[in-house]
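Here are the chains, one letter per residue:
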Amino acid sequence: MATETPPPSKIPAQRPSAEEFEAVQESAEFGELRRSYRSFAFPLTVGFIAWYLLYVLLSNYAGDFMGTTVVGNINVALVLGLAQFLTTFLIAWWYARIAAAKFDPKAEAIKTRMEGAE
């Protein structure tokens, strides 16, 4: 099902002043948005980097383990390498869901208020 984007408004959006930006930045709503984003994104990023570095370190220093055959010609290194791709896609999918459900509505509310549409 295709959806059409509405035409842009003929009325130019109000440009907030520096003081308005600072007020929003100091608001509890913006602080909560920033905290919720950071509490989701930072641990996930650290976890993924640790997972990636573990793979690299195992590849460099645990050759016998990585060469262990799992099934046929498939070894541990191949399984863990493919798991890297899988976790990348899962993290991207999970982030998209969380952002659409939690971050985007809060950010849109702040943006709408800043542009003076409310």
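The structure presented is a predicted model; accordingly, all values stated were derived computationally and were not measured. (Residues numbered from 1 in each chain as written. Predicted model: local features only at pLDDT ≥ 70, side-chain atom pairs only at ≥ 80, totals over all residues. Heavy atoms only, no water.)

(A) Broad picture of the overall build of the protein. Regarding its fold elements, the protein presents four helices and two strands. Listing every helix and strand of the protein by position from the N terminus yields α-α-α-β-β-α. Summarising the internal contacts of the protein: among those between residues at least 6 apart in sequence, 61% fall at separations of at least 24. As displayed, the protein offers around 9,400 Å² of accessible surface, 65% of which is attributable to carbon and sulfur atoms. (Helix = DSSP H or I, 4+ residues; strand = E, 2+ residues; numbered from the N terminus. Contact = heavy atoms within 4.5 Å. Areas by Shrake-Rupley, 256 points an atom, 1.4 Å probe, with all protein chains shown as cover.)

(B) Representation of the UniProt feature "transmembrane region" (unreviewed entry) in the protein within the structure. Feature annotation in UniProt assigns "transmembrane region" (unreviewed entry) to the following positions: residues 40–62 and 74–96. In residues 40–62, helix accounts for 96% and strand for 0%; the two terminal C-alpha atoms are 32 Å from one another. The distance separating the terminal C-alpha atoms of residues 74–96 is 32 Å; by composition the span is 91% helix and 9% strand. (UniProt positions renumbered as here; feature names shortened; annotations may be inferred.)

(C) Looking closely at the side chain of Ser36. Structurally, Ser36 can be placed in helix H2 (residues 28–61). For Ser36, a relative accessible area of 15% gives the class buried. Among the polar contacts listed, one links the side chain of Ser36 to the backbone oxygen of Leu33, at a separation of 3.0 Å. Those residues within four positions of Ser36 in sequence are excluded, and the remaining contacts are Phe103 and Lys106. (Buried < 20%, exposed > 50% of the residue type's maximum accessible area, 1.4 Å probe, protein only. Polar contact = N/O pair within 3.5 Å; in protein donor to acceptor, adjacent residues only side chain to side chain.)

(D) Inspection of the nonpolar core at higher detail. Of all hydrophobic cores here, the largest spans eight residues; its members are Val24, Leu33, Phe40, Ile98, Ala99, Phe103, Ile110 and Met114. Taken together, the elements giving at least two residues each to this core come down to H2 and helix H4 (76–114). Among the nonpolar cores identified, the runner-up in size contains six residues, and Leu58, Ala62, Met66 and Val76 belong to it. (Core = buried A, V, L, I, M, F, W, Y, C linked by side-chain atoms within 4.5 Å.)

(E) Structural context of the pattern of salt bridges. All told, the structure shown has three salt bridges when counted by the stated rule. Linking Arg113 and Glu29 is a salt bridge whose minimum nitrogen-to-oxygen distance equals 2.1 Å. Highlighted residues: Arg113 in helix H4 and Glu29 in helix H2, separated in sequence by 84 residues. For Arg113, a relative accessible area of 39% translates into the label partly exposed. Lys111 is the partner of Glu115 in a salt bridge, and the nearest nitrogen-oxygen pair spans 3.7 Å. When its relative accessible area of 33% is taken as the criterion, Glu115 is described as partly exposed. (Salt bridge = Lys/Arg side-chain N within 4 Å of Asp/Glu carboxyl O.)

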